[in-house]
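This is what each chain is made of:
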Amino acid sequence: MRALTWHGTKDVRVETVPDPKIVNPRDAIIEVTSTAICGSDLHLFDGVIPGMEQGDILGHEFMGRVVEVGSGSSLKKGQRVVVPFTISCGGCFFCTSGLYSACDNSNPVEKQDASEAAFGHAMSGIFGYSHLTGGYSGGQAEYVRVPFSDVGPIVVPDDLPDDQVLFLSDILPTGWMAAENAGIAPGDTVAVWGCGPVGLFAVQSALLMGAGQVIAIDHHPRRLELAESLGAKVINYRESHVAEALLEMTGGIGPDAVIDAVGMESHGLAPDRLLDRAKQAVGIGVDGIHALRSAIHACRKGGRVSVPGVYGGFADSFPTGAVMQKGLTLRTGQTHVQRYMPSLLHRIAEGEIDTTFLISHRLPLEEAARGYQSFRDDQNSWTKVVLKTPASGWVG
Ligand SMILES: NC(=O)c1ccc[n+]([C@@H]2O[C@H](COP(=O)([O-])OP(=O)(O)OC[C@H]3O[C@@H](n4cnc5c(N)ncnc54)[C@H](O)[C@@H]3O)[C@@H](O)[C@H]2O)c1
Ligand SMILES: [Zn+2]
Ligand SMILES: [Zn+2]
């Protein structure tokens, strides 16, 4: 089959590789129709996530048709499914508590040592995302093996096209969980750093949850325009002083909740961000937390800080003082995708949520490498790339 494989920093290639096979009874093989490139994939492309190996197949946002099932799968051949990026067993303490991204059984024991050393505990397996999370082959491919297929994939009705449901695999539940973690009460002001896919879905979710005012922050005009079209007020951080603008928009109090949908690759020329970069450049592996610092700084006293943005290491100058003194609550995590899929699918089917506004480019899988480069280099106009395989019937 054809698949997108990783060969090093900024080197991904579509190659012919062996087809996946059923390995365990609960596996299913999915013939992929649509698969998206994620901001998290760019961390692999940029070589900032350790634990990648030559030839790894990328992709954790994908959907398609079931073509083969093991004896323990609950799926049936021919069903259309969207697959969550987190791989979860469904039976461990964490899965039964709804904490699917903390599954204890999907990240093989021999892969757990490195993440245990870094985090204290190993996290779940993730498709197409480093050997620290299991080294599972991803779905930017014609076929993919889905472990625990009786727990993860959600069957979608044939009348909902791929582009409407694909984002159930990651970014829509991630935006939703980000808003949920912000603990929004009706009428609240919520500020969202980053208008990438995660930030935009967080904006949409916060408004659905009853926020009175959502303020979105970025510097890409096109992305800010999309946030505005969803109903947010916007701040371009290149043109305005974010903290001052937020005070002005909240009667001098600050937002009730703040969401960091940027993560460790925050941009900008703020001194604290340049210091993080300088330390990274000399090999001190610190997470760039500029966006998180400014979110914590701006949040009102007693407010909530929600962090869907990904961090992987350690941070310098983390504002412990502001968190403690202002009595902030901080909630974060890899998304427990399986927990949110059914209700979000229902909202899509009812027409309450549209996700297609986000897609700026559709490309054949063969052009995936170009998609990565452009999504990375031209964030303003490349808001989300969906790759189509021949099985999708898409003709461009
Ligand atoms: N928690 C999860 O399970 C989960 C799932 C998916 C993605 N993520 C993470 O969420 C984050 C966002 O993902 P995405 O796909 O939207 O990424 P993206 O790279 O497309 O978007 C990030 C946006 O942040 C903006 N930005 C950068 N610096 C900023 C700053 N200082 N202030 C305001 N905006 C700034 C960029 O201009 C960009 O538009 C990433 O860290 C990604 O890895 C987390
Ligand atoms: Zn993703
Ligand atoms: Zn589990």
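Presented here is an overview of the structure given in this document. (Residues numbered from 1 in each chain as written. Chains lettered and ligands numbered in written order. Predicted model: local features only at pLDDT ≥ 70, side-chain atom pairs only at ≥ 80, totals over all residues. Heavy atoms only, no water.)

## Notes on the packing of helix α6 (residues 197-208) against helix α7 (residues 221-230)
Argument step 1. Where α6 meets α7, the axes come as close as 10 Å, and the angle between the chain directions of the two elements is 15 degrees. Compared by their axis directions, α6 and α7 come out roughly parallel. Crossing of α6 against α7: the hand is right-handed. The residues of α7 that touch α6, namely those facing P197, L200, V203, Q204 and L207, are R223, L226, A227 and L230.
Argument step 2. Residues that form the contact of α6 with α7 fall into these classes: seven nonpolar, one polar and one charged. (Axes fitted to C-alpha atoms, helices over the stretch in contact; angles between N-to-C directions. Helix = DSSP H or I, 4+ residues; strand = E, 2+ residues; numbered from the N terminus. Parallel < 35°, antiparallel > 145°, perpendicular 65-115°, else oblique. Left-handed = near helix turned anticlockwise from the far one by under 90°. Contact = heavy atoms within 4.5 Å. Nonpolar A, V, L, I, M, F, W, Y, C, P; charged D, E, K, R; others polar.)

## Focus: the coordination of the zinc ion (ligand 3)
Argument step 1. At the metal site, the zinc ion (ligand 3) is ligated by C89 (SG), C92 (SG), C95 (SG) and C103 (SG), and these contacts range over 2.3 to 2.4 Å.
Argument step 2. Considering all four donor atoms around the zinc ion (ligand 3), angles at the metal cover 103 to 118 degrees and the coordination shape is tetrahedral.
Argument step 3. Sequence spacing of the donors to the zinc ion (ligand 3): C-x2-C-x2-C-x7-C. Accessibility assignment for this pair places C89 and C95 in one class, buried. (Donors = N, O, S within 2.8 Å, 3.2 Å for Na, K, Ca; no water. Tetrahedral: all angles 85-135°; square planar, octahedral: opposite > 155°, others 65-115°. Buried < 20%, exposed > 50% of the residue type's maximum accessible area, 1.4 Å probe, protein only.)

## Looking at the sheet that holds strand β16 (residues 329-332)
Argument step 1. Across the sheet, which stays open at both edges, the six strands sit in the order β13-β12-β11-β14-β15-β16 with parallel pairing between neighbours. Each having just a single partner strand, β13 (233-236) and β16 make up the two edges of the open sheet. Within the sheet, the average angular offset between the axes of one strand and its neighbour, ignoring direction, is 20 degrees.
Argument step 2. Where strand β14 (residues 257-260) lies against strand β15 (residues 304-307), three bridges are found, and the strand directions are parallel. Residue I259 lies in a different strand from β15, and its bridge partner there is S306.
Argument step 3. Along the sheet, helix α5 (residues 171-181) contacts β14, β15 and β16; its crossing angle with β16, the most-contacted strand, is approximately 165 degrees. (Pairing = 2+ DSSP bridges.)

## Examining the packing of aromatic side chains
Two aromatic rings, taken as a pair, are described by how far apart their centres are and by the angle between their planes.
Argument step 1. Applying the stated criterion across every chain, the model contains five aromatic pairs.
Argument step 2. Between F62 and F127 the ring centres are 5.1 Å apart and the planes differ by 90 degrees, which places this aromatic pair in the edge-to-face class. Here F62 is found in strand β5 (residues 61-69), whereas its partner F127 is found in the loop between β8 (125-126) and β9 (143-146), with 65 residues between them in sequence.
Argument step 3. Owing to a relative accessible area of 0%, F62 belongs among the buried residues under this scheme.
Argument step 4. With centroids separated by 6.1 Å and ring planes inclined at 50 degrees, the aromatic side chains of F167 and F201 adopt a geometry described as tilted. A residue pair is termed long-range when its members are at least 10 positions apart, and F167 in the loop between α4 (162-165) and α5 and F201 in helix α6 qualify at 34 residues.
Argument step 5. For F167, a relative accessible area of 1% corresponds to the buried category.
Argument step 6. Here the aromatic cluster, defined as three or more aromatic residues joined through ring pairs, consists of F167, F201 and F357. (Phe/Tyr/Trp six-rings, centres within 6.5 Å; stacked < 30°, edge-to-face > 60°.)

## Some details on the site of ligand 1
Argument step 1. Lining the immediate surroundings of ligand 1 are 30 residues, of which S40, D218, R223, H267 and T335 lie closest.
Argument step 2. Here an oxygen atom of ligand 1 and a backbone polar atom of P197 are 3.1 Å apart.
Argument step 3. Within the backbone of V262, one N or O atom sits 3.2 Å away from an oxygen atom of ligand 1.
Argument step 4. Taken by itself ligand 1 offers 860 Å² of open surface, and the protein chains cover 96% of this.
Argument step 5. Mapped onto the shell around ligand 1, the elements with two or more residues apiece are α1 (39-45), α6 and β12 (213-218).
Argument step 6. Looking at the shell around ligand 1, its residues break down into 10 nonpolar, 17 polar and three charged. (Near = heavy atom within 4 Å. Polar contact = N/O pair within 3.5 Å; in protein donor to acceptor, adjacent residues only side chain to side chain. Areas by Shrake-Rupley, 256 points an atom, 1.4 Å probe, with all protein chains shown as cover.)

## Details of the pairing of β12
Strand residues, when the strand is regular, have side chains that alternate between the two faces of the sheet.
Argument step 1. Burial analysis of β12 places six of its six residues in the buried class, which makes it a mostly covered element.
Argument step 2. The alternating pattern of β12 places Q213, I215 and I217 on one face and V214, A216 and D218 on the opposite face, and all of these are buried.
Argument step 3. In this structure, strand β11 (residues 189-193) lies alongside β12, joined through five bridges in parallel fashion. Looking across to β12, one finds that W193 is bridged to I217.
Argument step 4. Across four bridges, β12 lies against β13 in parallel orientation. Its bridge partner lying in β13, I215 is registered against K233.

## What about α6?
Since one α-helical turn is 3.6 residues long, residues separated by three or four positions face the same way.
Argument step 1. With 12 residues, α6 should cover 16 Å at 1.5 Å per step; its first-to-last C-alpha distance of 17 Å lies within 8% of that length.
Argument step 2. For α6, the tally of buried residues reaches 10 of 12 residues, placing the bulk of the element in the interior.
Argument step 3. When α6 is considered as a whole, its buried residues turn out to be P197, V198, G199, L200, F201, A202, V203, Q204, S205 and A206.
Argument step 4. Those residues of α6 that are buried are in contact with α5, β11, β12, α7 and β14. (Expected span 1.5 Å × (residues − 1).)

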